[in-house]
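# Fold and contact review
So the chains spell out like this:
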Amino acid sequence: MPDPFNIFDPLTSDQFLAGSYSHPNPAYDYSTAFLPRKLKDYFRWSEYLFMNSPQIFAVVQKFAAFSVNKIKIIPIEEDTSNEIINRYESIYDNINIQSILIRVAINAMVYGNVFVNILPVISRYLSCKKCNKSYPISMANYKFNPNNKASPFILNCPKCKSIDGAQVIDLHRKGLDKPFNIVLWDPKFIDVEYNKLTDEEIIYATIDGETSSHIKKGDRYYIEKIDMEIINTALDNRNRMFRFDPKFMKHIKMHSLAGIEQQWGYPALVATLKSFLHAAILKKANEAIAFDYLIPLRIVFPTGSGTFDPTQMINLEIWKNELVKSVKQWRRDPLHIEIAPVPVGRVQVGGEGRSLLTFQEIQIAEENILAALGVPREIIYGSLQWKAAPITLRMLSKQLEPLVSQLNELVQWIADTISYLEKIPRVKASIIPFKLVDDSDEKTALFQSLMTPQLGSLVSAKTMGDALGIDIAKEQEQLEREMLDSKRREIKVMAEMEKITQEAMAAAQQQQQSVVGQTTSATENAIMEEARSYVERIVNMPPIDRRRYLVDISKTRPVLHAVIKEMLLDYRQNMEAEGRKNINPNA
């Protein structure tokens, strides 16, 4: 809500009531008296508008969602490893970068300014000034004295038994899953020292009362984790402001006029303020009409006919009591029929509130709010026509480009800070451009150009990947890994199959040898005779049938199969020797 000292009612002022303004200023209407006089008062009003106007809330939320997309990380140096890229992606995921970007976008549209502060996660140690022994603050035996501003941490050293102010040592450790926190400071507590000729600024903050109270009480959740400069500022009873390190503070501001304070961005919601106040006046009028005119007052009375006056013939008190009793009974039983000695008349006062309500005027005021924000009414109420949708969405996309550009600068600044804190190579980080639904035609054309065999590829794979929101380099690496993994699986399966085959053959040979060793000579002769008969039949078979026939025998009679194979081998060798002799008789 606005501050009370900024509210002035022109209709109740002495000058207005006395009629001293015969021709009042046409630009000074009733709502003008509520407009703030200072920029930071506009911040309070912007908060109020965002929380109390459904149209403004919906527009800001939609714009923030449209502005944010996934993060794309590209190495700057060629020798940057995948581990470095994965480290950046892991940190962005752990800090929930998309949620932070949406919050930044909302604050930028509401306040016109966003002060983004990176606070590295620290490990705080208390060092004894006498023996130089250091202890982690979570394990140290200390007391916090807010009155001792030079050394507020009073350490009870177990080593030298001294009790004195401790030296505070803050260390930042690399490799943490979440190496820092991102804080958005309230612009109402910020002051900016700005040089408009060099566009340089120094940012200061006043510590709010709640944080100062926690620090002065020695709340361990605060004093063991936050920066010592903030603690010292809070203990100084607001006599000085906290100055931010430029490496860890980013000021995002919306565009403003050169004639207005250039160190500040101008809240976009300012243009909606008078329309909002006008709509609020109309809604208040509707509230008064609803109370006075929507529910009618019903009056019943006895009526006469001609010269007959019922008031002279009946007791009106009894008539009233009977009528009230009849109404109660009728409410319990709608089928109840009342018999009256005289006719009953009824009149209605009020009830014409519907014709007095100002719905159309409120709708016009709300459309003016949307016009001030540059948003078509159909975007909020979901009645955008299909033919007009592409043009409207492209206009919104162009309207959001300044905000998206600043969000990209923020993403890159965070990446540079990660490089500084983690001591790793720098990368280029940005938001993947937002693509509208109607860009499907463009994507289809790019895909056809990429796959044109007659002319060759007209576009690069990277351009196609950017249009689809795909990192081509990562996809190619993933394809290579999948192909290698598939080949490794094939080689492993083949090796396992070969091993199983060799083990089966060795087992069969061992079984054959044991069976042959235990077989009597008579049995051997019988097997030999049977094998010869099989050989005589198998020799003249085609190779495929011969192989199948041998496989069937091996399944049922492995010993006979082994003897047949030996005989076939001998037969083949004899045939080869006779062939050579026929070719060369002197051999």
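Presented here is a report on the structure given in the accompanying data block. Nothing here was measured: the structure is a model prediction, and the numbers come from that model.

Bringing helix α2 (residues 39-52) into the picture now. With 14 residues, α2 extends 20 Å between its outermost C-alpha atoms, agreeing within 8% with the 20 Å of an ideal straight helix rising 1.5 Å per residue. Buried within α2 we find Leu-39, Asp-41, Tyr-42, Phe-43, Trp-45, Ser-46, Leu-49 and Phe-50. Buried positions along α2 lie against α3 (54-67), α5 (97-111), β2 (113-120) and α9 (273-294).

What follows covers the sheet that holds strand β3 (residues 123-127). The strand order across the open sheet built from three strands is β4-β3-β8, with neighbouring strands paired in antiparallel fashion. Looking at which strands have only one partner, the edges of the open sheet turn out to be β4 (134-136) and β8 (167-171). Recorded for the sheet is a direction-independent mean angle of 30° between the axes of neighbouring strands. Inspection of the sheet shows β3 paired to β4 by three bridges, in the antiparallel sense. Bridged to Tyr-125 within β4 is Pro-136.

Right, let's talk about the packing of aromatic side chains for a bit. Counted under the stated rule, the structure contains 13 aromatic pairs. Aromatic side chains Tyr-142 and Phe-153 sit 5.7 Å apart centroid to centroid with 55° between the ring planes, which places their arrangement in the tilted category. One end of the pair, Tyr-142, is in strand β5 (residues 142-144); the other, Phe-153, is in strand β6 (residues 153-156), and 11 residues separate them in sequence. As far as the burial class goes, Tyr-142 and Phe-153 line up, both buried. Through pairs of rings, three or more aromatic residues link up here, namely Phe-43, Tyr-111, Phe-115 and Trp-264.

Turning our attention to the nonpolar core. Buried together is how nonpolar side chains tend to be arranged in soluble globular proteins. Ranked by size, the top nonpolar core spans 64 residues in total, and within it Tyr-92, Ile-95, Val-104, Val-116, Phe-180 and Ile-414 carry the most contacts. Residues in contact with Ile-95, not counting those within four places in the same chain, are Ile-100, Lys-178, Phe-180, Ile-182 and Ile-414. Of all hydrophobic cores here, the second largest spans 33 residues; its members include Tyr-135, Phe-153, Ile-215 and Ile-231.

One open sheet holds the three strands; their spatial order is β9-β2-β13, and the pairing between them is antiparallel. Strand pairing shows two members of the sheet lacking a second neighbour, β9 (180-185) and β13 (249-253), which therefore form its edges. Direction aside, the axes of adjacent strands within the sheet are offset by 20° on average. Here β2 pairs with β9 via six bridges, running antiparallel. Across the sheet, the residue bridging to Asn-117 is Val-183, located in β9.

Each value, and the rule that gives it
- Residues numbered from 1 in each chain as written.
- Predicted model: local features only at pLDDT ≥ 70, side-chain atom pairs only at ≥ 80, totals over all residues.
- Heavy atoms only, no water.
- Helix = DSSP H or I, 4+ residues; strand = E, 2+ residues; numbered from the N terminus.
- Expected span 1.5 Å × (residues − 1).
- Buried < 20%, exposed > 50% of the residue type's maximum accessible area, 1.4 Å probe, protein only.
- Contact = heavy atoms within 4.5 Å.
- Pairing = 2+ DSSP bridges.
- Axes fitted to C-alpha atoms, helices over the stretch in contact; angles between N-to-C directions.
- Phe/Tyr/Trp six-rings, centres within 6.5 Å; stacked < 30°, edge-to-face > 60°.
- Core = buried A, V, L, I, M, F, W, Y, C linked by side-chain atoms within 4.5 Å.

The quantities given are spatial measurements derived from coordinates; they are silent on function.
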